[in-house]
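Structural description and commentary
What follows is each chain in one-letter form.
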Protein chains: 4
Amino acid sequence: METATNKRKDILEAGLMLFAERGYDATTIPMIASKANVGAGTIYRYFVNKETLMNQLFREYVTLFLETLRTGYPNEGTCRQQFSHIFNSMVRFTLDNEHALYFIKTHNRPRVLDEESVALYQELLDFTRDYFEAGKKTGEIRKMPANALIAIVFGAFIQLHQLVREGAVDETPQLLRDYEESCWDAVRAH
Amino acid sequence: METATNKRKDILEAGLMLFAERGYDATTIPMIASKANVGAGTIYRYFVNKETLMNQLFREYVTLFLETLRTGYPNEGTCRQQFSHIFNSMVRFTLDNEHALYFIKTHNRPRVLDEESVALYQELLDFTRDYFEAGKKTGEIRKMPANALIAIVFGAFIQLHQLVREGAVDETPQLLRDYEESCWDAVRAH
Amino acid sequence: METATNKRKDILEAGLMLFAERGYDATTIPMIASKANVGAGTIYRYFVNKETLMNQLFREYVTLFLETLRTGYPNEGTCRQQFSHIFNSMVRFTLDNEHALYFIKTHNRPRVLDEESVALYQELLDFTRDYFEAGKKTGEIRKMPANALIAIVFGAFIQLHQLVREGAVDETPQLLRDYEESCWDAVRAH
Amino acid sequence: METATNKRKDILEAGLMLFAERGYDATTIPMIASKANVGAGTIYRYFVNKETLMNQLFREYVTLFLETLRTGYPNEGTCRQQFSHIFNSMVRFTLDNEHALYFIKTHNRPRVLDEESVALYQELLDFTRDYFEAGKKTGEIRKMPANALIAIVFGAFIQLHQLVREGAVDETPQLLRDYEESCWDAVRAH
DNA sequence: AATGAATGAGCCTTCATTCAT
DNA sequence: AATGAATGAAGGCTCATTCAT
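An account of the accompanying structure is given in this report. Every value quoted in this text rests on a predicted model; they were computed, and no experiment measured them.

This part is about the interface of chain B and chain A. Of the residues lining the interface, 30 residues belong to chain B; the matching set on chain A comes to 30 residues. With both sides pooled, the region where chain B packs onto chain A buries about 2400 Å², and carbon together with sulfur makes up 60% of that total. The interface formed by chain B and chain A includes two salt bridges. Summed over the shared surface of chain B and chain A, the result is four residue pairs in polar contact (both at pLDDT 80 or more). Elements with a contribution of two residues or more to the side of chain B that touches chain A: α1 (3–22), α8 (146–166) and α9 (173–187) of chain B. Taken together, the residues that form the side of chain B that touches chain A break down as 15 nonpolar, five polar and 10 charged.

Structure follows, in structure tokens:
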């Protein structure tokens, strides 16, 4: 059937939105149920508990983002081209999944995340870290801790996305190009 | 006497640490009391309730950070010198107040923050925004939304601080210089 | 179904009994829950909070008592006949609702009662007051403040009911007749 | 010294007023301390605990009321004269001690009252009961449970006092005479 | 499979009581 | 003797989770 799948998806989407907007602890199961148009008990048919739902959600989107990053990654391209791919992945991913990147960025620390989720997140970090480390080796990327470089790029992007959602700025192609250029300047060696 | 003042300080410090590490909602009053070596009821001698404690804390540190930023700000200096002052303010402030900047960065949105706190935070944003807007006018700062520029500088710095605390990198003067340079390149016009 | 209705009723009945016996402040939610054979949280499915439960209860029984008073009230009867109806209403009402009249008598002052409840209680007072005022006009009722007359009749009745429950006296029809006669003599003009 | 005695009196008076107005459970020690212009801890210098304070208070005023009743009681007078004495005792006692009679009437049941207090209250009841029983024997008092008769007289009086305090009626000597007459008619045999 | 009523653990908060000053 | 800061037990209430329907 497709109904069951839809319920699961509804729950995940409601969870994503609420976790992103209010944080894990301030989000209640009834809230998720209500937003998903589902009985509270139904959530427990698809997820063991709130923590599991959260982890499932986290993994679902980290996986998806990883796929987005990996799909069409120009292994043989230049450092700049690879950066462009990464940046565009964020754009595309966010277009398809409104709150996902923000959710990932604000919920990537243990306490609720289980080992598997942490490991998966590591994978995401590693992918980006590898890129930066390689770039540092060739001298094209600035000599800074990779984590910090990652934070700059992700953090800036998420902040921009927020401004767009608030209506503070218009998300024109030009803005995105500027933004990419800016981030690139932020991490590239000078 | 000093005893009374100390209790209040103990509570604030415990709150700061826990709010920073676990977030507002995941931090319980008993946790704060325990970490402050204080009875749970004692907290209510100094603060109306959890929300008030949080706001008091927030304002205390935003005010302190604002003072740090304003003290010795080179109004007549170059854009670069002013940037340097801002960056060094973050360094000094974080040295004196471990978790404060991270706490501010992760708790600056309403829902628990009252109007006064939000207004105070605006003041902090405005200070930095003014700097960036002025820089954009003279063509020294990149044409990007000020909020995003702020996010880059703050976000990167906090991320670095975290790496330092985790022991992932050593906070050498050289690292800080590199970092400042990097952040500067991230926001300056090219 | 009937189950849901029963839970609500169980809670109301437990609340009535406890409020009557111990007073509002000395009655705890766990007490009510326990006496109603219900989880503490269940009470909050049916009532917003303790105060609301109290008000609901109060209104439920004041309404019921008002109905009892109004049903079959001999508008065209003599002053004495009307008095008889009022007295018998108390008897019948107390027979059906053990603690209700005592609860009403001991909880009719603000601080926990909301406006609606106070207004409803006024209605009850007004009904009886109207009776006494009319009687005073025709010279059949003693020239005393209606409130005091009401207190005499209600107060005496409740006291009697208490003696009956304690087993101190037997509630024979004869006793009730005597009692009614006594109350009548207490308020009628001489 | 006299200071100590005064503090004790201040506390008792504050307690009386608050217990009468809010009831025992809704009255807090800080409230009493504040109204008595005394530190909260001071209360524990004069009374073992809240319960003891309450009992002390209760006994103090029941004793005082008993004295008022007994002083000048016309043992050899007529039933009517004795009634008059009882009624006037209430008037005088209430004049000297605003809330005392109401406090006694609303707090005469166990749960907070200790044995000694209950016994003392019994004494008060017995005094009045004896009067009524004697009257019933001589046929001058109505054949009703003494408790109920007591309730009528006390209840009516307290209700009247309340109306006076609320300003709903003026406490003229005439009103008091009428009231006494009414109460007398309420209990006397016809 | 889906629901939502029911539960009770645990949180925030109050307040009787203690105790250092 | 007097104070009021400090405490922690206990109450009102929420919410993750279960379970009968």
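To continue, consider the interface of chain D and chain C. On the chain C side, the residues contacting the 31 residues of chain D number 31 residues. Counting the surface lost from both chain D and chain C, the interface buries some 2400 Å², and carbon and sulfur atoms represent 60% of this. Salt-bridge contacts for C:D185 lead to D:R142; the nearest nitrogen and oxygen are separated by 3.1 Å. The tally of links from chain D across to chain C stands at four residue pairs in polar contact (both at pLDDT 80 or more). Counting residues per element, the ones that place at least two in the side of chain D that touches chain C are α1 (3–22), α8 (146–166) and α9 (173–187) of chain D. If you tally residues by element for the side of chain D that touches chain C, the top one is α8(D), at nine residues.

Attention now moves to the protein's contact with DNA strand F. Contacts to DNA strand F come from 30 residues, most closely from A:I29, B:T42, B:Y46, C:Y44 and D:T42. Taking all atoms of DNA strand F within 4 Å of the protein, the share assigned to sugar and phosphate is 73%. Between a phosphate oxygen of DNA strand F and a side-chain N or O atom of B:T42, the distance comes to 2.3 Å. Counting only elements with at least two residues in the surface near DNA strand F, the list comes to α2 (29–35) of chain A, α3 (40–46) of chain B, α2 (29–35) and α3 (40–46) of chain C together with α3 (40–46) of chain D. Residues of the surface near DNA strand F, tallied by class, amount to 11 nonpolar, 13 polar and six charged.

The rules behind each value
Per chain, residue numbering runs from 1 following the sequence as it is written. Each chain is given a letter, starting from A, and each ligand a number, starting from 1, according to the order in which they appear as written. Note on the predicted model: pLDDT of at least 70 is required for a residue's local features to be given, and 80 or more for side-chain atom pairs to be given and counted; whole-chain, interface and lining totals, by contrast, use all residues. In computing side-chain values, all of the structure's heavy atoms are included and hydrogens and water are not. The contact criterion used is simple: two residues touch if any of their non-hydrogen atoms lie within 4.5 Å. Defined in terms of a 1.4 Å probe, buried area is the accessible area two parts forfeit on being brought together, summed over both. Throughout this description, the term salt bridge denotes a Lys or Arg side-chain nitrogen within 4 Å of a carboxyl oxygen of Asp or Glu. Whenever two N or O atoms come within 3.5 Å, that pair is a polar contact, provided that in protein one can donate a hydrogen and the other can accept it, and provided that, for residues adjacent in sequence, both atoms are side-chain atoms. Secondary structure elements are defined from DSSP: runs of H or I of at least 4 residues count as helices, runs of E of at least 2 residues count as strands, and each element is numbered from the N terminus. Residue polarity follows a fixed list, in which Ala, Val, Leu, Ile, Met, Phe, Trp, Tyr, Cys and Pro are nonpolar, Asp, Glu, Lys and Arg are charged, and the others, Gly among them, are polar. Only a single heavy atom is needed: when it lies within 4 Å of a molecule or strand, its residue is near that molecule or strand.

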